[in-house]
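Here is what each chain is made of, one letter per residue.
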Amino acid sequence: MSIALDAPHVTDEARELRAELVERAAKLRTLIASNADQTDRERNVPAANVAALAESGLLSLLRPARYGGLQTDLRTLLEVSREVGRACGSTSWITTLLNVNSWFVGLFPAKAQDDVWADTPQSRVAGILAPSGTAAAADGGYLVSGRWAPASGSAHADWALLGVQRPDAEGTTDATGLVLVPMSELTVEDTWFVVGMRGTASNTLVGKDIFVPAHRFHSTKDAVEGHYATPYTEEALYRSAFVPVATLVLAGPQLGLAEAAVEILREKAPQRSLTQTFYDIQAEAPFIQQAAAQAASLVDSAQLHAYRAAADIDEAAHHGILPDYDARARIRMDAAVAAANAREAIRLVCSAQGASSFGESNPLQRIWRDSETGSRHGGLRSDIASDAYGKSLFGIRGTVTAFI
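Given the structure is predicted, the values throughout are model-derived calculations rather than measurements.

Colleague: What should I look at first to understand the packing of helix α9 (residues 251-268) against helix α11 (residues 325-353) in this one?
Modeller: Packed helices, taken two at a time, are described by the angle between their axes plus the distance between the axes. Here α9 crosses α11 at 25°, and the two axes come no closer than 9 Å. Relative to α11, α9 is oriented roughly parallel. As α9 packs across α11, the resulting crossing turns out to be left-handed. On α11, the residues touching Ala251, Gln254, Leu257, Ala258, Ala261, Val262, Leu265 and Lys268 of α9 are Ala335, Ala338, Ala339, Ala342, Ala345, Ile346, Val349, Ala352 and Gln353. When the residues that make up the contact of α9 with α11 are grouped by side-chain class, the tally is 14 nonpolar, two polar and one charged.

So this is what it looks like as structure tokens:
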């Protein structure tokens, strides 16, 4: 299922490519779904999933075409993430994060992009934007130390994008930033013990006095304000608004999880009786029908909000403009609403199916756990989003978070 809502500039050729990529993801659903229990149990996405995604081009959606990437758009990533999410939330999450981290690299200076992709264009990047490390000035660059978590997809990455603070640059635009570090220079601590999105292997990365050349640093403040270091300013994708991209992409897996839950209800309700009632099958009961209608409508609403936000981001990037604060606040609200609606749709399905939803053999319990966990990522929190958006509606700006 897909809802037509797109940026005006998108060509028929681009839509055809998007449809083809979604179809590629659909063809992988059987494999990914068959590995979903293993993914959850072993707390890591199997190599077979990652290899299949890579071979299908689904990990190169936001990599620059200069390095063999597909260089598509935000709507395409959302749709692919949604399709993969119908089979496995964790696999969808790392599909999303590995792609968006490629986009982050595309904002860096050309030399940094070459470091990552010139010799190894298939290199994958994990990332943690929170500045939980430090960067001390050194000759020609920085000495970087810290602990970064959660590092989703780091088990399948060659590079890491890490948030840092620079005490020596306090009061400047370089006070916080992002650095690029080869995974080979970091240690991974196994710390990701959670009830949902278990397979993302979002462990902790640790580094001590790692030398990072100056060209592999990008100011976070500059990025938030739309000032990027890439010299390839003609590439519309890498003119997209930083925070809106970083938050909206997280909604993609939620769309797929919710759609999968509704599909399970539509499949199972006509086959199961409804205990302690006179209904022979669940699908005959008006309250089950109502739950199905409400859940399906919430899924539609989640997609509409997410795709509207993607259209706004993609259209602004096409024209080379940064959406104003109020527009960015609404985009963050759209992402939060999409995640909340998807989560509520899954809750309705679980309630309609009863206690059996939480049996270990029932995929609904994994869908529920993955959604409850992933939808509470800081970038999707509806309380922060509604606070910022509500204030912006009254002309009050910049008092909630810098991440707008």
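Colleague: Could you clarify how one ought to interpret the packing of aromatic side chains in this entry?
Modeller: The final tally for this structure, using the stated rule, is nine aromatic pairs. Ring centres 5.3 Å apart and planes at 45° place the aromatic pair Phe104 and Phe242 in the tilted group. In this pair, Phe104 is assigned in helix α5 (residues 89-105) and Phe242 in helix α8 (residues 242-248), connecting sequence segments 138 residues apart. The pair formed by Phe104 and Phe242 is uniform in burial state, with each residue classed as buried. Ring-pair connections join several aromatic residues into one group, and the members of that group are Trp103, Phe104, Tyr228, Phe242 and Phe403. Its end group placed over the ring of Tyr307, Arg75 keeps NZ or CZ at 3.9 Å from the ring centre.

Colleague: What's the story with the pattern of salt bridges in this structure? I'm lost.
Modeller: Note that side chains of opposite charge can pair when their charged atoms are close. In the structure shown here, the tally under the stated rule is 32 salt bridges. Of the charged contacts, one joins Arg86 and Glu259 as a salt bridge, the two residues approaching to 3.9 Å between their closest N and O atoms. Highlighted residues: Arg86 in the loop between α4 (74-85) and α5 and Glu259 in helix α9, separated in sequence by 173 residues. With relative accessibility at 18%, the residue Arg86 sits in the buried group. Note on Glu259: relative accessible area 4%, which makes it buried. We note a salt bridge from Arg308 to Asp334, for which the minimum N-O separation is 2.7 Å. Residue Arg308 is located in helix α10 (residues 286-319), and its partner Asp334 is located in helix α11; the two are separated by 26 residues in the primary sequence. One salt-bridge network, in which partners are shared between bridges, spans Arg29, Arg75, Glu79, Arg82, Glu83, Arg86, Glu259 and Glu263.

Reading guide: rules and limits
- Residues numbered from 1 in each chain as written.
- Predicted model: local features only at pLDDT ≥ 70, side-chain atom pairs only at ≥ 80, totals over all residues.
- Heavy atoms only, no water.
- Axes fitted to C-alpha atoms, helices over the stretch in contact; angles between N-to-C directions.
- Helix = DSSP H or I, 4+ residues; strand = E, 2+ residues; numbered from the N terminus.
- Parallel < 35°, antiparallel > 145°, perpendicular 65-115°, else oblique.
- Left-handed = near helix turned anticlockwise from the far one by under 90°.
- Contact = heavy atoms within 4.5 Å.
- Nonpolar A, V, L, I, M, F, W, Y, C, P; charged D, E, K, R; others polar.
- Phe/Tyr/Trp six-rings, centres within 6.5 Å; stacked < 30°, edge-to-face > 60°.
- Buried < 20%, exposed > 50% of the residue type's maximum accessible area, 1.4 Å probe, protein only.
- Lys NZ or Arg CZ within 6 Å of the ring centre and 35° of its normal.
- Salt bridge = Lys/Arg side-chain N within 4 Å of Asp/Glu carboxyl O.

Any functional reading would require information that these geometric values do not contain.
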